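Structural description and commentary
Each chain is listed here by its residues.
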Amino acid sequence: MLTRIANRQANRSDIERLRALCDLVKNTSLCGLGQSAPNPVLSTLRYFEKEYMDLINEDDGNGFHPLPLASSGDAKPKEEAGHVG
Amino acid sequence: MSVKTFSIDGKDVSAEETTTILEAARENGIEIPTLCHMAGISVVGACRLCMVEIEGSNKLQAACVMNVAEDMVIHTDSPRLREYRQMIVELLFAEGNHICSVCVANGNCELQEMARSVGMDHCRFEYTYPKRALDLSHRLYGLDHNRCILCTRCVRTCDEIEGAHTLDMAGRGLHNRVIAGLNQPWGQAESCTSCGKCVQSCPTGALFRKGSTVAEMNRDQTKLEFIVTAREKKQWRL
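In this text the structure is predicted, and so the values were computed from the model without any measurement. (Residues numbered from 1 in each chain as written. Chains lettered and ligands numbered in written order. Predicted model: local features only at pLDDT ≥ 70, side-chain atom pairs only at ≥ 80, totals over all residues. Heavy atoms only, no water.)

**Some remarks on the sheet that holds strand β7 (residues 141–144) of chain B**
Residues and elements named next belong to chain B.
- Across the sheet, 3 strands lie side by side as β6-β7-β10; this open sheet has antiparallel pairing. Looking at which strands have only one partner, the edges of the open sheet turn out to be β6 (134–135) and β10 (207–209).
- Sheet topology note: the β7/β10 ladder contains 3 bridges and is antiparallel. Bridge pairing in β10 places leucine 143 opposite leucine 207. (Pairing = 2+ DSSP bridges. Helix = DSSP H or I, 4+ residues; strand = E, 2+ residues; numbered from the N terminus.)

**A few points about the environment of A:Leu30**
- As for its placement among the helices and strands, A:Leu30 is situated in the loop between α2 (12–28) and α3 (32–36).
- You can call A:Leu30 exposed: its relative accessible area is 59%.
- Sequence spacing of A:Leu30 and A:Met1 is 29 residues, and the spatial spacing of their C-alpha atoms is 23 Å.
- Setting aside chain neighbours within four positions, we find A:Leu30 in contact with A:Gln35, B:Gly45 and B:Arg48. (Buried < 20%, exposed > 50% of the residue type's maximum accessible area, 1.4 Å probe, protein only. Contact = heavy atoms within 4.5 Å.)

**Notes on helix α6 (residues 222–233) of chain B**
All names here are of chain B.
- With 12 residues, α6 extends 16 Å between its outermost C-alpha atoms, agreeing within 8% with the 16 Å of an ideal straight helix rising 1.5 Å per residue.
- Burial analysis of α6 places just 1 of its 12 residues in the buried class, a small minority of the element.
- Just downstream of α6 lies lysine 234, where phi reads positive at about 55°. (Expected span 1.5 Å × (residues − 1).)

**As for helix α3 (residues 110–117) of chain B**
Residues and elements named next belong to chain B.
- All of the buried residues in α3 are Leu111, Met114 and Ala115. The arc that holds every buried residue of α3, seen down its axis, measures 100°, which confines them to one face.
- Tucked inside the fold, the buried residues of α3 contact α2 (79–95).
- A positive phi of about 80° marks glycine 119, the residue just after α3. (Arc of directions from axis to C-beta.)

Okay, here's the thing in structure tokens:
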């Protein structure tokens, strides 16, 4: 999930999903590790929200990606594979 | 032994102090979802599906391990708990390789039934598709780690009911898995009595009786051939 965000492939809903996952793990864990492990993610989400938002695609999760940034990296290997085939 | 009075979902109930919230709820007709709990064996509180809210406490408690107390006000169902339960089931699906259509337990699976009852219609999390092994070394039974949800019911059953303790858990985090004997192929674990109780305890199709899988379904078409030759050539012996 974080990799997707760092690669500019994520959208707003991914951030919300990440937050929900942290909330789940934090509240339902048996041991202290589980209860505190989501804290680093949650605190970066709280204090560096702008940085997260700068990395996401502004497409509101409807599947349409206006920025070619993320797809350009993926498209290259596909083209090469096409030449080989 | 003293009796405690408390309320579950607005219903005033009483139970002995050694009763867990889960047992008290079930006695009073309130169903709390769970996958790792099984009557007759010890409790671990591993699946986290039976989490309940207790008034006066921020922390959720696992109903299968928490004993009842005087004046406790318990809520077993709330939008928050429903959301958590659905997410837990989604994560179970994302963590393993649960392909219902080719599973021995399809239609007879507690995980599948749980997904239905919590209203899971899709998985919000990416499937991890882990590469996990399949142990078919045992004469009678198979162990498919792909379908294992690590509830440890088989481990507890093997230890506490059969007394063999052939099965146990090994590894941490993503590498956590059920092992037989001294981390051997199951067929080589000498302590196994082949009783099959583990297969009965498994909530999914991770433990199964050999011969019951889709791939092992054999059709005997020679019988049809026999009938045809018998009719046409009056030949009644094979």
